[in-house]
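# Inside the fold
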Amino acid sequence: MSKKEIPYAFCTAPWVHAHVAANGKRRLCCIAEEAPEQYSKLPWNEFKNSEYMKNVRKQMLENKVPPECKICENPNRVETMRDKWISMYPGESAAAVESTAPDGSTDFKIKYLDYRSNLCNLKCRTCDPSASSSFHTLVSKNFNTDLKAMFGDIGETSPMPTVKNYESIYSKEAMQFCETEDLTRIYFAGGEPFVESSHLPLLQKLVDQKKASNVILAYNTNLGYSLNTLKAWLELAVHFKEIYFFVSIDGEGDIAEYIRAGLKFKNFETNLDYLIQNKPPELRLYLDITFTSLNLFFMQEFADFAIRKNVQTTGKLMVFGENSFPLLRCESISQNVKQKLLTEWNSYFAKLTESQKNLVNVLDGTMKLFGTTTPTQFVSKNESLHRLKTFENLHPNESKFLELLSRKPLGTEWCRELTNETI
Ligand code: SF4
């Protein structure tokens with residue numbers, strides 16, 4: 001096979017991308033399987049042309065899909081991530097193949113950086129102790145057999161090692177990349193990137209080196225930090241080529257505060273308003289909601305909030321994979337209540353003007369997706385409610401799930417269905 005032919009199994013990521021997940025493990029990209037431990041812990045300059053990476057590249061060039069990429073063989077979206085990588089770097093694929101020695105090694109430079117840590121100011125109920133240091137600290141301090149059943153042994157390994165690894169290894173590597181690599185995109189997620197001490201210095205470095213105008217930044221951020229932090233960031237952000245700013249927010253007011261435990265909605269809204277008024281033209285702002293069984297009952301209020309702020313929405317369903325708080329998964333809502341929720345939403349959405357619909361049409365699409373889910377009871381109702389109570393006991397002064405639900409007639413109906421068994 002000529003090196004110029006791009007095989008089906010080829011993906012640009014193992015040539016142009018460096019990724020570390022919030023749990024401190026290296027992967028080919030954010031959806032690939034983790035690299036084996038003995039390789040994952042290597043510094044980048046050893047990992048880049050390790051036996052593992054060389055083997056991945058060789059497999060792709062021999063048109064064999066590496067086992068860590070199986071998700072791109074069974075995608076859960078229309079466009080696979082592999083297609084996305086190839087379309088993101090259209091000119092680079094052939095050059096990347098050309099750069100590759102027969103043993104799979106390459107001197108191709110990194111263009112896309114995505115290093116995450118689990119350092120986070122919040123402990124969202126949709127999250128997990130392995131992805132949030134605050135969540136981990138909370139669980140560790142109160143560790144008991146119920147929490148162990150929910151989260152495994154994680155509570156016994158405090159302080160969380162990955163924050164330390166990030167500070168001592170990965171943030172230094174990321175800084176180094178600003179000098180040695182050809183960065184054109186950086187994705188910041190976490191954890192919460194804005195509470196990372198190396199975040200602003202890294203941007204400053206790119207500005208100082210006059211590289212910022214070539215770099216596209218993308219964020220998933222919770223806006224739950226100080227306004228001064230946001231202001232300092234904005235001063236640097238204006239130098240970058242484009243910014244995609246996805247603000248994670250799972251409702252309005254105390255609905256958001258319940259799901260995103262630790263968030264002060266007032267502080268969040270102050271930051272959001274400041275950003276709306278002061279955002280540079282290159283910044284595209286989105287309110288990014290994770291649909292849960294709680295905020296589905298308040299989706300009209302959330303859509304009204306986005307319309308009032310004149311900010312585009314995006315969203316996804318909390319479905320498979322999350323077992324700690326099964327009641328928050330969208331499929332835990334019964335068929336009866338689900339149908340009524342959809343009818344209410346459809347009637348609300350139909351009354352919006354075209355420009356309002358444009359702002360919230362992803363919410364409408366995600367509602368339709370919710371309509372296709374199969375109501376499922378993941379564990380018994382008693383077990384679900386017990387887990388809910390276990391976690392709510394960690395936050396004694398905060399709102400409670402069933403109380404919030406019962407603010408709505410349909411929420412009350414679902415509460416009755418949930419609690420007709422003894423807890
Ligand atoms: S093929 Fe898919 S899973 Fe593998 S590196 Fe590319 S995008 Fe990631």
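Everything that follows concerns the structure shown earlier in this document.
A few points on the structure. Treat the numbers as computed from the prediction; the structure is a model and nothing was measured. (Residues numbered from 1 in each chain as written. Predicted model: local features only at pLDDT ≥ 70, side-chain atom pairs only at ≥ 80, totals over all residues.)

### Thoughts on the site of the ligand
Close contacts around the ligand come from C11, A13, L28, C29, I31, A32, C69, I71, C72, M81, R82 and W85, and that covers them all. Ranked by the residues each element gives to the shell around the ligand, the list is headed by helix α5 (residues 81–88), at three residues. Here the residues of the shell around the ligand are counted per class, giving 11 nonpolar, no polar and one charged. (Near = placed C-beta within 6 Å. Helix = DSSP H or I, 4+ residues; strand = E, 2+ residues; numbered from the N terminus. Nonpolar A, V, L, I, M, F, W, Y, C, P; charged D, E, K, R; others polar.)

### Points about unusual backbone geometry
The amide bond that connects G190 to the next residue, G191, takes the cis arrangement and shows omega of 5°. Mapping G191 onto the fold places it in the loop between β4 (185–188) and α10 (199–208). With phi around 65°, N63 is a residue other than glycine that occupies positive phi space. Residue placement: N63 occurs in the loop between α4 (51–61) and α5. What makes N63 partly exposed here is the crowd of 13 C-beta atoms within 10 Å. Although it is not a glycine, K210 adopts a positive phi angle of roughly 60°. Along the chain, K210 falls in the loop between α10 and β5 (216–221). Overall, the presence of 9 C-beta atoms within 10 Å leaves K210 in the exposed class. (Buried ≥ 20, exposed ≤ 12 C-beta atoms within 10 Å, placed from the backbone.)

### Digging into the pairing of strand β8 (residues 312–317)
Sheet topology note: the strand β7 (residues 283–291)/β8 ladder contains six bridges and is parallel. Note on β8: the bridge partner recorded for D288 is T314. Each parallel crossover has a hand, and the one from β7 via helix α14 (residues 299–309) to β8 is right-handed. (Pairing = 2+ DSSP bridges. Right-handed = clockwise from strand over helix to strand, strands pointing away.)

### A short note on the packing of α14 against helix α16 (residues 354–372)
Packing of α14 against α16 leaves a shortest axis separation of 9 Å and a crossing angle of 150°. Considered as vectors, α14 and α16 are oriented roughly antiparallel to each other. Two packed elements cross with a definite hand, and for α14 against α16 that hand is right-handed. Residues M299, A303, A306 and I307 of α14 form the contact with α16, whose participating residues are Q356, L359, V360, L363 and M367. (Axes fitted to C-alpha atoms, helices over the stretch in contact; angles between N-to-C directions. Parallel < 35°, antiparallel > 145°, perpendicular 65-115°, else oblique. Left-handed = near helix turned anticlockwise from the far one by under 90°. Contact = placed C-beta atoms within 7 Å.)

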